[in-house]
Structure formats: structure tokens, C-alpha cells
Amino acid sequence: MTAAAVTVGNVSFEVMRGDITRVKADAIVNAANSSLLGGGGVDGAIHRAGGRAILDDCIRIRSRQGGCPPGEAVITTGGKLPASHVIHTVGPVWNGGTQGEAEVLRRCYRSVLALAAEHGVRSIAFPNIGTGIYGFPKELAAICAWEEVTAFVRRHAEEAGTLRQVLFVCYDEENFRLYAQEAQKRRSS
Ligand code: AR6
């Protein structure tokens, strides 16, 4: 199920409901943890579907830099996934909102997009980072995601970057509705 697309600069944004491991894009984003060794939620699904090659890349990155701190991102192969790459980022654990959680989540989106640009990514799919096991409130997370990604696209509009398509892949109905609502706001503005 896909909500109508919105175009910002030369990038098309789509909101869809589904499983991100089935999305064919240059890169899909993983909501990982700092260990980079896999876990539950979308992280578990990506490692299961993508196979050993993703974990091997994660282990190599760990041996180079330790894990991945919250707000930062690393890139690996997509292994057996239809996506070429996985960009792993680590969201904040929600702790009531007074520990800078929203800023860390915003930094996740900026870190992912910077890495995507470095690797010439044209199409990228994001899950709803932080809104599962880490407990980030869904409405605020949707606002942060849309604001950061559209701001990034606007900031880089003059540079003829490679990015052309952004997909927000929502696994649950509530996130789908919230993301579609944010798309609607941008259609009418
Ligand atoms: N496709 C798209 N979205 C999914 C999928 C899927 N296959 N599976 C779950 N989601 P979560 P977090 C949605 O918990 O909150 C892991 O153990 C899910 O409905 O995956 O950032 C990591 O290792 C939710 O909306 O990530 C970390 O320890 C969203 O993905 C921790 O969870 C994010 O939920 C990270 O927690």
C-alpha cells in the first residue's frame, strides 16, 4: 500500500506500508543497536533476510571502530536482500524525552543521508527508527524524520546530488497513518 508521493526539490518521497527487507532500493536503513551484531525488530528481520555477509561486514566495522554510537551510521553490503546496501544507524532509547532523544534521532537521519550521499545512493528506504523496542513516541518520530530528510534534500538541492527517491516504509498502521499525514501537510504547502 503506498500513499501518494510528494516531491521536494528533485527527490520523490513515498510512504508505504510493508516489510523493508523486500524493498528494492540502492540502500535500506536498519534500526540497529550499538553492538551492530543484530537484535530483534527490523534489525533481526534484515539480518535474517540478508544473510551472513551483512554480519561479516558489521564485524569488520566493529573491529575497526568498536560499535556504532547512537545518532551515527555505518554502511554494509545488502547481502541477499534486494537492496544493494544496508545503512545501519542507532536510535536513542526513549527515556521520557528529557535526555536529548529527539536530537539523537534527528542526527540518525542526517548521518544516514550523509553516508548515502558519499556512496552515490539514488534510492533509499527508511523504517520508523526508534519507534519499536526503543520506545520513541511515533508522532514525534514521524515529524523528526520528515523534517530532517526534507531539510537535507533542500540544503543539498544546489549540489546535484544523486538522491532521487526516499521511501518511508511503515510496518504498522499507526506509523503509516502518521507518515501519510506528514506527506499530506507537504502536499498542500
Ligand atoms: N520492515 C519495516 N519495519 C519494521 C520491520 C520490517 N521488517 N520489522 C519491524 N519494523 P525496532 P528500534 C518496525 O524495534 O525501536 C533491535 O533489537 C517496527 O514496527 O526494530 O529502533 C535493535 O537491535 C518499528 O516501527 O527498532 C535494537 O536493539 C520500527 O521498525 C532495537 O531493536 C523500529 O522498531 C532498536 O529499536
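Since the structure is predicted, the reported quantities are computational estimates derived from the model, not experimental observations.

Colleague: How should I be thinking about the site of the ligand in this particular structure?
Modeller: What surrounds the ligand is a group of 21 residues, the closest being N33, G40, V42, D43 and I133. Within the backbone of V42, a nitrogen or oxygen atom sits 2.8 Å from an oxygen atom of the ligand. Separating an oxygen atom of the ligand from a backbone N or O atom of Y134 is a distance of 3.0 Å. Summarising the interface, the protein chains cover 91% of the accessible area of the ligand, which totals 700 Å² for the free molecule. Assessed atom by atom at 2 Å from the grid points, the ligand resides in the largest pocket.

Colleague: It is not clear to me how unusual backbone geometry should be interpreted in this structure. Could you clarify?
Modeller: Glycine aside, residues mostly have negative phi angles, and peptide bonds mostly take the trans form. The phi dihedral of L36 falls on the positive side, at around 65°, and the residue is not glycine. Relative to the helices and strands, L36 resides in the loop between β3 (27–32) and α1 (41–50).

Colleague: Would you mind going over the layout of surface pockets with me for this structure?
Modeller: To find the voids left in a structure, one rolls a probe of water-molecule size over its atoms. There is about 550 Å³ of room inside the largest pocket. Where the lining of the largest pocket is concerned, the elements lending two or more residues are β3 and α1. Considering only enclosed or pocket space, the second largest pocket measures out at about 220 Å³ in volume. Forming the boundary of the second largest pocket are 16 residues, of which F152, H156, G161, T162 and L163 lie nearest the centre. Mapped by element, the contributors of at least two residues to the lining of the second largest pocket are α3 (101–118) and α4 (138–155). The element contributing the most residues to the lining of the second largest pocket is α3, with 3 residues. For the lining of the second largest pocket, the class distribution of residues is 10 nonpolar, 4 polar and 2 charged.

Colleague: Honestly, the pairing of strand β4 (residues 73–77) in this entry has me stumped. Any pointers?
Modeller: Consecutive residues of a regular strand have side chains that alternate between opposite faces of the sheet. Along β4, 4 of the 5 residues are buried, which leaves the element largely enclosed by surrounding structure. By the bridge criterion, 5 bridges tie β4 to strand β5 (residues 85–90) in an arrangement that is antiparallel. Within β5, the position partnered with T77 by the bridge is H85.

Colleague: Quick question: what am I supposed to make of the pairing of β3 here?
Modeller: Buried residues dominate β3, accounting for 5 of its 6 residues. Examined bridge by bridge, β3 and strand β6 (residues 123–126) share 2 bridges and lie parallel to one another. What sits directly across from A27, in β6, is I124.

Colleague: Even after reading the chapter, I still don't get the packing of aromatic side chains, so can you show me in this structure?
Modeller: Within a pair of aromatic rings, the relevant descriptors are the distance that separates the centres and the angle that separates the planes. Under the definition given, this model contains 7 aromatic pairs. Between Y109 and F126, the ring centres sit 5.1 Å apart and the planes meet at 40°, which makes this aromatic pair tilted. Placement of Y109 in helix α3 and of F126 in strand β6 is noted, with a sequence separation of 17 residues between them. As far as burial versus exposure is concerned, Y109 and F126 are alike and both buried. Ring centres 5.9 Å apart and planes at 35° place the aromatic pair F126 and F168 in the tilted group. Taken together, the residues F126 in strand β6 and F168 in strand β7 (residues 165–170) connect sequence positions 42 residues apart.

Colleague: So what exactly am I meant to see when it comes to the side chain of E182 here?
Modeller: Along the polypeptide, E182 turns up in helix α5 (residues 173–188). Contacts of E182, omitting those with residues within four sequence positions, involve A142, I143 and W146.

The rules behind the values
- Residues numbered from 1 in each chain as written.
- Predicted model: local features only at pLDDT ≥ 70, side-chain atom pairs only at ≥ 80, totals over all residues.
- Heavy atoms only, no water.
- Near = heavy atom within 4 Å.
- Polar contact = N/O pair within 3.5 Å; in protein donor to acceptor, adjacent residues only side chain to side chain.
- Areas by Shrake-Rupley, 256 points an atom, 1.4 Å probe, with all protein chains shown as cover.
- 1 Å grid on protein atoms, 1.4 Å probe; cavity = no way out; pocket = protein on both sides within 12 Å on 5 of 7 lines; lining within 4 Å.
- Sits in = over half its atoms within 2 Å of the grid points.
- Helix = DSSP H or I, 4+ residues; strand = E, 2+ residues; numbered from the N terminus.
- Points joined across faces, edges and corners; volume = space filled by probe spheres on them.
- Nonpolar A, V, L, I, M, F, W, Y, C, P; charged D, E, K, R; others polar.
- Buried < 20%, exposed > 50% of the residue type's maximum accessible area, 1.4 Å probe, protein only.
- Pairing = 2+ DSSP bridges.
- Phe/Tyr/Trp six-rings, centres within 6.5 Å; stacked < 30°, edge-to-face > 60°.
- Contact = heavy atoms within 4.5 Å.

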